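Summary of structural features
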Number of protein chains: 2
Amino acid sequence: MRPDLLGRVLSLLPTGGGRPELKAFSAMLRDYPQRGGKGIRSELLLASARAHGLQPGTPGGEGALWLAAALELFQNWVLIHDDIEDDSEERRGRPALHRLHGVPLAINAGDALHAYMWAAVHHAQVPGAVEEFLNMVWRTAEGQHLDLTWVQHRAWDLTEGDYLEMVRLKTAYYTVVMPLRLGALAAGVTPDERFTAAGLNLGAAFQIRDDVLNLAGDPLKYGKEIGGDLLEGKRTLIVLHWLAHAPEEQKGTFLEQMRRDRQDKDAEAIANIHRWLLESGSVEYAQDYADRQAREGLALLAEALEDAPDQAAARELLGQMRGLATREA
Amino acid sequence: MRPDLLGRVLSLLPTGGGRPELKAFSAMLRDYPQRGGKGIRSELLLASARAHGLQPGTPGGEGALWLAAALELFQNWVLIHDDIEDDSEERRGRPALHRLHGVPLAINAGDALHAYMWAAVHHAQVPGAVEEFLNMVWRTAEGQHLDLTWVQHRAWDLTEGDYLEMVRLKTAYYTVVMPLRLGALAAGVTPDERFTAAGLNLGAAFQIRDDVLNLAGDPLKYGKEIGGDLLEGKRTLIVLHWLAHAPEEQKGTFLEQMRRDRQDKDAEAIANIHRWLLESGSVEYAQDYADRQAREGLALLAEALEDAPDQAAARELLGQMRGLATREA
């Protein structure tokens with residue numbers, strides 16, 4: 001995220017006076033925010049606020065910046081817990097927090113960071129923002145519950161509709177719907193109802209693009225481990241589409257590997273599956289699907305922003321959104 | 001907790017429309033609150049509000065009830081995460097949530113419940129309450145961090161001062177300091193500064209009494225597993241006092257058992273340690289310590305409540321507090 005926003009986030013967090021244990025605690029809270037996330041969501045929020053007429057540097061601008069900081073804090077506490085829930089090894093090129101400090105301390109640090117998010121929301125003093133953050137946490141947790149339940153039950157007989165419902169709840173609300181709405185609220189404007197449908201489409205496009213990059217991205221550009229989703233047994237549109245069309249033998253190999261825990265998966269079998277997926281056409285299918293979702297979302301968003309007070313900023317926001325579904329990293 | 005308060009808590013939580021997975025999610029959120037906690041903290045908050053002149057049934061009464069519900073929600077989400085962090089088996093006579101549903105789903109349910117706590121705080125619309133809840137989450141997480149760090153590092157060379165600092169942060173703030181302060185705020189009164197010192201003493205007394213009951217309580221009255229703290233390797237004043245005075249051989253046995261994970265502990269060795277502790281006088285030492293903390297806390301609290309508008313309610317509050325350090329369950 002932008003340095004000024006990172007500074008704002010860090011200004012809320014404890015510096016760790018007193019006991020050495022509490023110094024370590026503060027360092028844990030500051031770790032993920034300092035690892036250099038892209039700050040996609042906070043940028044969308046600020047772009048939405050500008051499109052709705054908010055001038056940077058005005059008193060209302062402070063509210064927008066606190067909400068942007070809160071959104072980044074949301075992302076970071078959720079990632080700490082997600083990394084535990086998904087048994088992830090790395091985050092932004094370094095070991096996940098629970099791999100450095102153990103699961104108990106990492107759960108606890110995530111909880112404290114969750115409350116620092118609410119401090120940022122409180123600082124913003126933007127009417128309606130609390131309700132947005134409540135809905136954001138609830139929807140995201142519901143989506144995560146769907147995803148984790150499927151992992152736990154080794155459920156792979158899922159439809160495109162199942163995937164879309166999960167990804168809308170788990171990713172689209174906090175990545176697009178809420179940034180659009182919060183930007184409007186920060187500018188003192190009631191959010192356009194069409195932001196929800198637009199954001200759900202664009203958020204799904206964003207996540208599907210992420211799934212595509214995870215399998216077929218450029219390792220030098222994409223920040224995460226290529227093929228990591230396969231090792232984590234993640235449900236993606238690519239895999240679900242491939243499963244519906246794959247030869248029985250390949251499908252059998254896949255399901256057998258997915259019954260294993262991460263550390264017990266066979267590297268050669270996973271490499272084969274990775275290759276089958278790349279050769280199957282399912283990556284292209286998913287990318288086309290994402291492109292359609294993005295087009296629909298952009299059309300709705302353009303409509304909703306037609307009367308926005310700052311049309312230059314609205315175009316900038318649309319450009320940012322367009323980039324999400326086609327990005328290389 | 002009281003049925004009307006439980007009803008208020010449940011009224012906030014989702015009922016689980018839609019997919020079966022989301023029904024299961026709602027049931028997870030509703031599970032701990034419905035297991036019949038005693039509601040000690042919400043009762044203290046409501047008693048403090050009455051002592052400060054709040055009349056039940058008035059509009060201000062709604063604010064107090066929402067804060068009481070929020071305090072119960074705090075307790076419940078924290079317990080879900082604590083049970084994972086402490087590797088606990090049971091909670092209120094039933095398997096811990098993560099033993100029923102696995103760690104990933106339980107972390108996620110705790111996070112959602114955390115946000116429902118903020119919804120209750122928001123409903124209360126009591127000026128100053130957000131800051132109190134922020135401080136409550138932060139202090140409790142700091143105390144939990146101390147405790148968990150010691151468990152992780154197998155640290156037993158701790159002083160009474162270390163224990164007291166941990167227990168004040170981890171237990172005293174949310175059990176006594178915050179209920180006293182929130183009750184005042186709900187009645188529209190600035191909390192007396194002495195509530196902090198009084199609450200820290202009384203909260204420590206409460207926790208030490210809990211540690212005493214865990215080793216020496218009546219199994220028919222005490223709701224938890226007698227000796228469970230030993231199996232979990234919990235730091236208590238009793239154990240720290242005993243370690244400073246125990247014969248080297250007994251100490252060696254203890255430290256050897258504490259290096260083991262719960263499931264690898266030797267039942268006979270643990271039973272011996274339990275007996276040594278009971279025979280050592282350290283239980284009585286800890287209870288005396290708790291009694292002194294309680295006396296100091298009660299004296300401070302009585303002073304702070306001298307000018308409270310409802311003296312009958314203030315006496316009731318003092319009586320509830322007195323009970324905490326001498327209770328049997």
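Our structure is the block above this text.
The rules behind the values
- Residues numbered from 1 in each chain as written.
- Chains lettered and ligands numbered in written order.
- Predicted model: local features only at pLDDT ≥ 70, side-chain atom pairs only at ≥ 80, totals over all residues.
- Heavy atoms only, no water.
- Contact = heavy atoms within 4.5 Å.
- Buried area = accessible area lost by both parts, 1.4 Å probe.
- Salt bridge = Lys/Arg side-chain N within 4 Å of Asp/Glu carboxyl O.
- Polar contact = N/O pair within 3.5 Å; in protein donor to acceptor, adjacent residues only side chain to side chain.
- Helix = DSSP H or I, 4+ residues; strand = E, 2+ residues; numbered from the N terminus.
- Buried < 20%, exposed > 50% of the residue type's maximum accessible area, 1.4 Å probe, protein only.
- Least-squares fit on C-alpha atoms with pLDDT ≥ 70 in both.
- 1 Å grid on protein atoms, 1.4 Å probe; cavity = no way out; pocket = protein on both sides within 12 Å on 5 of 7 lines; lining within 4 Å.
- Points joined across faces, edges and corners; volume = space filled by probe spheres on them.
- Nonpolar A, V, L, I, M, F, W, Y, C, P; charged D, E, K, R; others polar.

Right, let's get into the interface of chain B and chain A. Accessible area lost during the coming together of the parts is what is often quoted as the interface size. Taken together, the contact between chain B and chain A spans 41 residues of the former and 41 residues of the latter. Buried area between chain B and chain A, summed over both chains or domains, comes out near 3,900 Å², and the portion from carbon and sulfur atoms is 66%. Interface area lost by chain B to chain A is led by Arg19, Trp138 and His145 of chain B, which between them contribute 16%. Viewed at the interface, chain A and chain B are joined by four salt bridges. A salt bridge links Arg19 of chain B to Asp162 of chain A; its shortest N-O distance comes to 3.0 Å. Taken together, chain B and chain A are joined by 19 residue pairs in polar contact (both at pLDDT 80 or more). Counting only elements with at least two residues in the side of chain B that touches chain A, the list comes to α2 (20–31), α4 (59–85), α6 (103–124), α7 (129–152) and α8 (160–186) of chain B. For the side of chain B that touches chain A, the element with the most residues is α7 of chain B, which contributes 14 residues.

Relative to the helices and strands, Ile84 of chain A is located in helix α4 (residues 59–85). By relative accessible area, which is 10% here, Ile84 of chain A ends up buried. Expressed as a C-alpha distance, the spacing of Ile84 of chain A and Leu305 of chain A, which sit 221 residues apart in the sequence, is 39 Å. Beyond its immediate stretch of four places on either side in the chain, Ile84 of chain A contacts His98, Val103, Ala106 and Ile107 of chain A together with Ile107 of chain B.

This part covers the relation of the copies chain B and chain A. With an RMSD of 0.0 Å, the operation that places chain B on chain A is a rotation of 180° combined with a shift of 0.0 Å along the axis. Taken together, the turn and the small shift mark the pair as related by a two-fold rotation axis. Of the interface residues in chain B, 100% have counterparts in chain A that sit at the interface too, so the contact is made through matching surfaces.

Our focus in this paragraph is unusual backbone geometry. In this structure, Arg92 of chain A is a non-glycine residue whose phi angle is positive, near 50°. With respect to the helices, strands and loops of the structure, Arg92 of chain A is situated in the loop between β1 (90–91) and β2 (94–95). Within the chain, Arg154 of chain B stands out as a residue other than glycine whose phi angle is a positive 50°. Within the secondary structure, Arg154 of chain B is located in the loop between α7 and α8. Look at Arg154 of chain B and you get partly exposed, because its relative accessible area is 39%.

Within the structure shown, the criterion is met by three cavities of 30 Å³ or more. Approximately 90 Å³ is the volume found for the largest cavity. Lining the largest cavity are Asn108, Asp111 and Ala112 of chain A together with Trp77, Val78, His81, Asp82, Glu85, Val137, Thr140, Ala141 and Gln144 of chain B. Residue assignment for the lining of the largest cavity shows that the elements contributing at least two residues are α6 (103–124) of chain A together with α4 and α7 of chain B. A total of five residues in the lining of the largest cavity trace back to one element, the largest contributor, which is α4 of chain B. In terms of residue class, the lining of the largest cavity is made up of five nonpolar, four polar and three charged.

A word on the pattern of salt bridges. Evaluation of the coordinates by the stated rule reveals 48 salt bridges over all chains. With a shortest N-O distance of 2.8 Å, Asp87 of chain B and Arg99 of chain B are connected by a salt bridge. Of the two residues, Asp87 of chain B sits in the loop between α4 and β1 (90–91) while Arg99 of chain B sits in helix α5 (residues 97–101), which places them twelve residues apart along the sequence. Judged by relative accessible area, Arg99 of chain B falls into the partly exposed class, the value being 40%. Residues participating in the shared-partner salt-bridge network are Arg19 and Glu21 of chain A together with Asp162 and Glu165 of chain B.

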